[in-house]
Amino acid sequence: PKIQSFFSHISKIKRRNRQCLLMALKLKRFNDVNSLYGYDFGNKCLYEIAKLIRNIVGENGDVYRLESTNFGIVFYKSNIDIIQDIYSEISEALASYALDGFSLNLEMCGGALYTKNYEASHRMIYSYLMSALEKAKAEDDNKLVFFDDETHKTNQKVLELLDAIKASVRNDCEGFYLCYQ
């Protein structure tokens, strides 16, 4: 299933007012695979990796192929320990992954989100999940990063302040004055 199915699944959970536990995975440096072995091999690899992830997740949730080399998982049970274990198992499987006799030694990063926020749209929830994934990618230590509402609120306030400053600068620094020391 693709990204639209992922959005649909999140929307169903929201309509039923259920808790939502999501995980997004990103394969790191996958263009090395495409460069070394070609795009057909890369596409076959992504297909096989999706099956591998689906087998590891099993009855715990549904796996979706998102954009680029990203995968999304919607978990049925809201147990953070289970997704930590699943993340570790997927990471270990990718580290020793081989296809058609080629050892690929893949790495990934992951972001997770546990939400009860039913006011947020499915696209906003996805945005939060991608924020956790980007943070994991930036940290570059192959650990699963959980989205944190407090961090998001702080980041949102910083963005609002930056937006206000930019608007002021566009209006000849309206609202600011010079102070000399």
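Before reading further, recall that the structure is shown in the block above.
Structure report, in brief. (Residues numbered from 1 in each chain as written. Predicted model: local features only at pLDDT ≥ 70, side-chain atom pairs only at ≥ 80, totals over all residues. Heavy atoms only, no water.)

Some thoughts on the overall build of the chain
Helix and strand counts for the chain stand at 6 helices and 7 strands. Listing every helix and strand of the chain by position from the N terminus yields α-β-α-α-β-β-α-β-β-β-α-β-α. In terms of overall size, the chain is more extended than a compact globule, its C-alpha atoms giving a radius of gyration of 20 Å where 181 residues would be expected to give roughly 16 Å. Its C-alpha atoms give the chain principal-axis dimensions of about 70 × 45 × 25 Å. (Helix = DSSP H or I, 4+ residues; strand = E, 2+ residues; numbered from the N terminus. Rg over C-alpha atoms; globule rule 2.2 N^0.38 Å.)

Some points on the pattern of salt bridges
Tallied over the full model, the rule gives 3 salt bridges. Among the salt bridges present, the one from Arg-29 reaches Glu-107, with a minimum N-O distance of 2.3 Å. On the criterion of sequence distance, the pair formed by Arg-29 in the loop between β1 (20-28) and α2 (31-37) and Glu-107 in strand β6 (residues 107-115) is long-range, its members being 78 residues apart. With relative accessibility at 33%, the residue Glu-107 sits in the partly exposed group. Note that Lys-44 is salt-bridged to Asp-100, the shortest N-O span being 2.9 Å. One end of the pair, Lys-44, is in helix α3 (residues 39-57); the other, Asp-100, is in the loop between β4 (98-99) and β5 (102-103), with 56 residues separating them in the sequence. (Salt bridge = Lys/Arg side-chain N within 4 Å of Asp/Glu carboxyl O. Buried < 20%, exposed > 50% of the residue type's maximum accessible area, 1.4 Å probe, protein only.)

Thoughts on the packing of helix α1 (residues 3-15) against helix α5 (residues 122-139)
The contact between α1 and α5 brings their axes to 9 Å, and the two run at 110 degrees. Here α1 is positioned roughly perpendicular relative to α5, judged by the angle of their axes. In this structure, α1 meets α5 at a crossing whose hand is right-handed. On α5, the residues that touch Ile-3, Gln-4, Phe-6, Phe-7, Ile-10, Ser-11 and Lys-14 of α1 are His-122, Arg-123, Ile-125, Tyr-126 and Leu-129. Each residue belonging to the contact of α1 with α5 can be placed in one class, and the counts come to 7 nonpolar, 3 polar and 2 charged. (Axes fitted to C-alpha atoms, helices over the stretch in contact; angles between N-to-C directions. Parallel < 35°, antiparallel > 145°, perpendicular 65-115°, else oblique. Left-handed = near helix turned anticlockwise from the far one by under 90°. Contact = heavy atoms within 4.5 Å. Nonpolar A, V, L, I, M, F, W, Y, C, P; charged D, E, K, R; others polar.)

A short note on the environment of Arg-29
In this structure Arg-29 comes out as partly exposed when scored by relative accessible area, which is 47%. Expressed as a C-alpha distance, the spacing of Arg-29 and Thr-69, which sit 40 residues apart in the sequence, is 9.5 Å. Those residues in contact with Arg-29 that sit more than four places away from it in its chain are Glu-107 and Asp-140. Within the structure, the side chain of Arg-29 is placed 2.3 Å from the side chain of Glu-107, a separation counted as a polar contact. (Polar contact = N/O pair within 3.5 Å; in protein donor to acceptor, adjacent residues only side chain to side chain.)

As for the state of the cysteines
Inspection of every chain in the model, using the stated rule, returns 0 disulfides. Left unpaired, Cys-45 is separated from the closest cysteine sulfur, that of Cys-109, by 16 Å. (Disulfide = S-S within 2.5 Å.)

Overview of the packing of aromatic side chains
Inspection of every chain in the model, using the stated rule, returns 7 aromatic pairs. Between Phe-7 and Tyr-126 the ring centres are 5.1 Å apart and the planes differ by 90 degrees, which places this aromatic pair in the edge-to-face class. With a gap of 119 residues between them, Phe-7 in helix α1 and Tyr-126 in helix α5 connect regions that are remote in the sequence. Grouping residues by exposure puts Phe-7 and Tyr-126 together as buried. Here the aromatic residues Phe-6, Phe-7, Tyr-64 and Tyr-126 are joined through ring pairs into a cluster of three or more. (Phe/Tyr/Trp six-rings, centres within 6.5 Å; stacked < 30°, edge-to-face > 60°.)

A short note on the side chain of Ser-11
Of note, Ser-11 is situated in helix α1. Of note is the side chain of Ser-11, whose polar atom sits 3.3 Å from the side chain of His-122.

A short note on the pairing of strand β2 (residues 61-65)
Of the strand pairs in this sheet, β2 and strand β3 (residues 70-75) are connected by 5 bridges, and their pairing is antiparallel. If you follow Val-63 over to β3, its bridge partner there is Ile-73. Linking two consecutive strands that pair antiparallel, namely β2 and β3, is a turn of 4 residues; a positive phi of about 55 degrees is found at Ser-68 within it. (Pairing = 2+ DSSP bridges.)

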